[in-house]
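# Examination of the molecular architecture
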Amino acid sequence: MLEIMQIKDEAYTTITLKGEVDASNSVELDAAIQNAMQSGSKNILVDGNSLEYISSAGLGVFMSYLEDFQESNINFVIFGLNEKVQNVFHILGLDQLIRLVNNRQEALAIIYEA
Amino acid sequence: MRHELDLSCEKSRLADLRLFLSEVLNPIGISEIAKNQMILAVEEVCANLIIHSHGCNPNDRIHLRVHLDDNKIIFEIADSGLAFNLLEYKAPDLAEVVRKKKKGGLGIMLVRKIMDKIEFENNNDKNICRLVKRLNYK
């Protein structure tokens, strides 16, 4: 079960993930990121505080946008992942490719520094 | 101890698979991270079979057996039909995944990193993928 909430603030869009991302629902995550990009957001934050699980289907969605983010100068930051979920990013070294921070404050600091 | 689950080939059943594995692994006293890793690896193999070998056909089934030993856990994933041998599958590297904007390929990488041994058997029409995880917390 996955719930996705998307809020567009003036400076950034926050995508909040609640539940579990797997092969059955990763298209929803894909659509949310697509949507945030199309809305012209230059800063996309993913709130992972309530993300309980992620499989490769979800990781693959993030990975597939990394080049687009770079080309369009979009800051993409994931924050608040629990230890279990963060470990999954770490196993593949994705924490070297995607910006993962502890909380919203740290995520916003990155945006405002940039 | 042996536990078994029969799973129909639908992506929506992956959540049931996780629940089953969680209940099987709960009593053995491993960390939440280790437990999550094992659940993930088994799910990745099953998701591959469901999507690629069985085209999400709900009439097809996967049979999972979990053997809990003192020092290791063996997950046996059996299906029939088109064999998918993940030992022969050449996983892409991360740079390739990013460059080609591929959404697949990461699952097999995860399984290889998490499990200690992966075996594959093919008898007539039956395929068995065996994942072994050693427990070294004692």
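All residue numbers here refer to positions counted from 1 along the written sequence of the relevant chain. For naming, the first written chain is A and the first written ligand is 1, with later ones following in the order written. For a predicted model such as this one, the threshold for reporting local features is a pLDDT of at least 70, and the threshold for listing and counting side-chain atom pairs is 80 or more; totals across whole chains, interfaces and linings nevertheless cover every residue.

## Some thoughts on the sheet that holds strand E3 (residues 43–54) of chain A
Residue and element names in this part refer to chain A.
- Judged by pairing direction, the sheet is mixed, and its 5 strands sit side by side in the order E1-E2-E3-E4-E5 without closing on themselves. Here the strands that pair on one side only, and so sit at the sheet edges, are strand E1 (2–8) and strand E5 (99–101). Averaged over all neighbouring strand pairs, the angle between strand axes comes to 20°, with direction disregarded.
- Residues are defined as contacting one another if the C-beta atoms placed from their backbone atoms lie within 7 Å. All axes are obtained by fitting lines to C-alpha atoms, using only the stretch in contact for helices, and the reported angles, taken between N-to-C directions, cover 0 to 180 degrees. For helices the rule is a DSSP run of H or I covering at least 4 residues; for strands it is a run of E covering at least 2, with both sets numbered from the N terminus onward. Along the sheet, helix H4 (residues 104–113) makes contact with E3, strand E4 (75–79) and E5, crossing E4 at roughly 170°. Any two strands between which DSSP finds at least two bridges are classified as paired.

## So, the pairing of strand E2 (residues 13–21) of chain A
Residue and element names in this part refer to chain A.
- Strand direction decides the pairing type here: E1 and E2, joined by 7 bridges, are antiparallel. Paired with Ile4 across the two strands is Leu17, which belongs to E2.
- Count of turn residues in the E1/E2 antiparallel hairpin: 4 residues.
- In this structure, E2 lies alongside E3, joined through 8 bridges in parallel fashion. Paired with Val21 across the strands is Ile54, a residue of E3.

## Looking at the confidence of the model for chain B
- The pLDDT value tells you how sure the predictor is about a given residue, anywhere from 0 up to 100. Of all residues in chain B, 96% have pLDDT values of 70 or greater, and the mean over the chain is 90.
- Taken together, the chains of this predicted complex give a pTM of 0.94 and an interface ipTM of 0.94.

## Observations concerning the packing of helix H1 (residues 14–25) of chain B against helix H2 (residues 32–53) of chain B
Residue and element names in this part refer to chain B.
- In the contact formed by H1 and H2, the axes pass within 10 Å of each other and the chain directions differ by 145°. In this structure, H1 crosses over H2, and the sense of that crossing is right-handed. Note on element contacts: H2 touches H1 through Lys35, Met38, Ile39, Val42, Glu43, Cys46 and Ala47, opposite Leu14, Leu17, Arg18, Leu21, Ser22 and Leu25. Left-handed describes a crossing whose near helix is turned anticlockwise from the far helix by less than a right angle; the clockwise case is right-handed.

## A short note on the interface of chain B and chain A
- Across the contact, 25 residues belong to chain B and 21 residues belong to chain A.
- Mapped by element, the contributors of at least two residues to the side of chain B that touches chain A are H1, H2, helix H3 (94–100) and helix H4 (106–114) of chain B.
- The greatest single-element share of the side of chain B that touches chain A, amounting to 8 residues, is contributed by H2(B).

## Notes on helix H3 (residues 83–91) of chain A
- Counting other C-beta atoms within 10 Å of each residue's C-beta, where C-beta atoms are placed from the backbone, gives the exposure class: buried for 20 or more, exposed for 12 or fewer, partly exposed between. Within H3(A) the residues assigned to the buried category are Lys84(A), Val85(A), Val88(A) and Phe89(A). Along the axis of H3(A), the buried positions cluster into a sector of 150°, meaning they face one direction only.
- The elements touched by buried residues of H3(A) are E3 and E5 of chain A together with H2 of chain B.
- A positive backbone phi angle near 75° is found at Gly93(A), which sits one or two residues after H3(A). Summarising the geometry, the arc corresponds to the directions from the helix axis toward the C-beta atoms.

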